Structures are given as structure tokens and as C-alpha cells.
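Commentary on secondary and tertiary structure
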Amino acid sequence: MRTEALDRVKLVFTLFDVNGNGYLEGDDFDLMATRVLQAVPGADDAAKSAMVAAFRTYWTTLVGELDSDHDGKVSFDEYTACVLSPERFDEAIGEFAESLARLGDLDGDGFIRRPVFVALMTAIGFRLPNIHVLFDAFGPTDSDRIARETWVTGIKEYYGPDLAGIPGDHLVGNSVA
């Protein structure tokens, strides 16, 4: 497992731990889903429903795989053990990636516009300069859009335990490229 992968999931754990208590809980995912949906009020109802379902799947996969004492909480160590194990988490992250990108594709043309991408990533909690660098790393078109599938791939790669030098690495840390 690469250090870069650990850094990426540590950042996401911190962002998803909405109440900052050091554990992920179902309420954290409900709050995050609400934030994300509020970021794109123009999204259609089907895309919004799919995003809520994806957040629930993300959470139920974690708690189902890891909460052996049934306390409804997942620690960072438990989280890392699951999300960096493709055989345990690929399906949940695939659903999440597809749903988030679908939510961002407001007109269904297969592209995400920068302002929508920024709104969604800001709602999750990523830093604005890093968001712009990530968007640029995805190779936007002349009209400042990225392909929906490019974002889906980028989200899936973000959880790759053996990957480094990927666009998602731009989200970690204070430095931006």
C-alpha cells in the first residue's frame, strides 16, 4: 500500500467525519449527502436520489464490513482496512463515483462544468485551490468542462491502494501543482 493512498483516504475520512469525533457514523453520511445535494439545486430528482442511495451504500458497506462491536461507528484504522481493499469496497465506491458524476452532469450531456464540479467538491470539504488543480488535471475541454467518465475514473483511482501520481493526489495537502 502506498503512502499516497493512505494520505488520500485520511483526507476523506477527516472530511466525512463531519462532527469531528474521530469516528464515521451514519449521521456523518446523512449530513454529507445533504451538503452535496444543496450544492446542485438544479440536479434532477433521479440524480439526487441516486446520490443519497450511494452515500447510504458507502456507509452500510463500511459499517457492515467493519463494525464488529455494533456500536455504529467506524474508526480511521477500520476505514482504511475497508476502503483500500478493492475486493471489499470497489462496488460501493463505483456506485458513489457514478452517482456523484451523474449529479454533476446537470444537462445529461456527459460533461461536468467547472462551477458545478467546484460546488460539489467544496460541499464535500476539499480546499478550493486543490479543487481547481484537480479539475485542470482531468484535462478540461476548451469550454471548461470535463467528461463525466473522467471524473468517475478519477474517483475510483482515488481509492487505489497501489496508485500514486494520479489526479486525486492534488487534493491532499496544502501544496498545489
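Quick note: structure is the one above.
Predicted model, so just to flag it, every value in this text is computed and none were measured.

1. Things to note about the overall build of the chain
Helices and strands together make up the secondary structure of the chain, namely eight helices and four strands. Helices and strands appear in the chain in the N-to-C order α-β-α-α-β-α-α-β-α-α-β-α. In terms of overall size, the chain behaves like a compact globule, its C-alpha atoms giving a radius of gyration of 15 Å where 177 residues would be expected to give roughly 16 Å. Each principal axis of the C-alpha atoms in the chain carries an extent, and together these give about 50 × 35 × 30 Å. When the 177 residues of the chain are sorted by exposure, 46% land in the buried category. Across the chain, every contact between residues at least 6 apart in sequence was considered, and the portion connecting residues at least 24 apart equals 68%. Working note: accessible area of the chain is about 8200 Å², and carbon and sulfur atoms make up 51% of it.

2. Here we look at the packing of aromatic side chains
Enumeration over the complete set of coordinates arrives at 14 aromatic pairs. Pairing phenylalanine 16 with phenylalanine 29 gives two aromatic rings, centres 5.2 Å apart and planes at 75 degrees, and the pair type is edge-to-face. One end of the pair, phenylalanine 16, is in helix 1 (residues 3-16); the other, phenylalanine 29, is in helix 2 (residues 26-39), with 13 residues separating them in the sequence. Between phenylalanine 29 and tryptophan 59, the aromatic rings sit 5.4 Å apart at their centres with planes inclined by 35 degrees, giving tilted as the arrangement. Residue phenylalanine 29 is found in helix 2, and its partner tryptophan 59 is found in helix 3 (residues 45-66); the two are separated by 30 residues along the sequence. Phenylalanine 29 sits in the buried class, given a relative accessible area of 2%. According to the relative accessible area criterion, tryptophan 59 is buried, its value standing at 12%. One aromatic cluster in this structure is built from Phe16, Phe29, Phe55, Tyr58, Trp59, Phe96, Tyr158 and Tyr159.

3. Brief notes about the side chain of serine 99
Relative to the helices and strands, serine 99 resides in helix 5 (residues 86-104). For serine 99, the side chain forms a polar contact with the main-chain oxygen of glutamate 95, separated by 2.9 Å. Not counting residues within four places of it along the chain, the set of residues in contact with serine 99 comprises Ala50, Met51 and Ala54.

4. Observations regarding the nonpolar core
Core analysis: the largest hydrophobic core is formed by 55 residues, its most contacted members being Tyr58, Leu62, Tyr79 and Trp151. Listed by contribution, the elements that provide at least two residues to this core are helix 1, helix 2, helix 3, helix 4 (76-83), helix 5, helix 6 (114-124), helix 7 (128-137) and helix 8 (148-158).

5. Regarding the pattern of salt bridges
By the definition in use, this model includes eight salt bridges. For arginine 114, the salt bridge identified is with aspartate 136, shortest N-O distance 2.5 Å. Placement of arginine 114 in helix 6 and of aspartate 136 in helix 7 is noted, with a sequence separation of 22 residues between them. Residue class for arginine 114 comes out buried when judged on its relative accessible area of 14%. One salt-bridge network, held together by shared partners, links Asp107, Asp109, Arg113 and Arg145.

6. Focus: the packing of helix 5 against helix 6
Look at helix 5 against helix 6: their axes get within 9 Å of each other, and the N-to-C directions meet at 130 degrees. Our classification of the angle between helix 5 and helix 6 gives oblique. For the pair helix 5 and helix 6, the contacting residues are Leu100, Leu103 and Gly104 in the first and Val116, Leu120 and Ile124 in the second. Here the residues of the contact of helix 5 with helix 6 are counted per class, giving five nonpolar, one polar and no charged.

7. Section: the environment of aspartate 77
Structurally, aspartate 77 can be placed in helix 4. Residue classification places aspartate 77 among the exposed positions, given a relative accessible area of 60%. Spatially, the C-alpha atom of aspartate 77 lies 9.6 Å from that of lysine 10, the residues being 67 residues apart in sequence.

Criteria and cut-off values
- Each chain has its residues counted from 1, running along the sequence as written.
- A pLDDT threshold of at least 70 governs which residues receive local features in this predicted model, and a stricter bar of 80 or more applies before side-chain atom pairs are shown or counted, although totals over entire chains, interfaces and linings include all residues.
- For side-chain calculations, the full set of non-hydrogen atoms in the structure is used, while hydrogens and water are omitted.
- Labels follow the DSSP assignment, with helices taken as runs of H or I lasting at least four residues and strands as runs of E lasting at least two, numbered in each case from the N terminus.
- Throughout, the radius of gyration refers to the C-alpha atoms, and the reference size of a globule is 2.2 Å times the residue count to the power 0.38.
- Burial classification: accessible surface area is computed with a 1.4 Å probe over protein chains only, and a residue below 20% of its type maximum counts as buried, one above 50% as exposed, and the rest as partly exposed.
- Every residue pair with non-hydrogen atoms within 4.5 Å of one another is taken to be in contact.
- Every accessible area reported is derived by Shrake-Rupley at a probe size of 1.4 Å, with residue values counting cover from the shown protein chains alone.
- A pair of aromatic rings is counted whenever rings of Phe, Tyr or Trp (Trp by its six-membered ring) have centres within 6.5 Å, and the orientation is called stacked for planes under 30 degrees apart, edge-to-face for over 60 and tilted otherwise.
- Side-chain atoms alone can form a polar contact between residues adjacent in sequence; in general such a contact is a pair of N or O atoms within 3.5 Å, and within protein one must be able to donate a hydrogen while the other accepts it.
- For the purposes of this section, nonpolar cores are sets of buried Ala, Val, Leu, Ile, Met, Phe, Trp, Tyr and Cys residues that join through side-chain atoms within 4.5 Å.
- Any carboxyl oxygen of Asp or Glu that lies within 4 Å of a side-chain nitrogen of Lys or Arg is treated as forming a salt bridge with it.
- Think of each axis as a best-fit line through the C-alpha atoms, taken over the contacting stretch in the case of a helix, with angles from 0 to 180 degrees between the N-to-C directions.
- Oblique is the label for every angle not falling under 35 degrees (roughly parallel), over 145 degrees (roughly antiparallel), or within 65 to 115 degrees (roughly perpendicular).
- Amino acids are sorted into nonpolar (Ala, Val, Leu, Ile, Met, Phe, Trp, Tyr, Cys and Pro), charged (Asp, Glu, Lys and Arg) and polar (every other residue, Gly among them).

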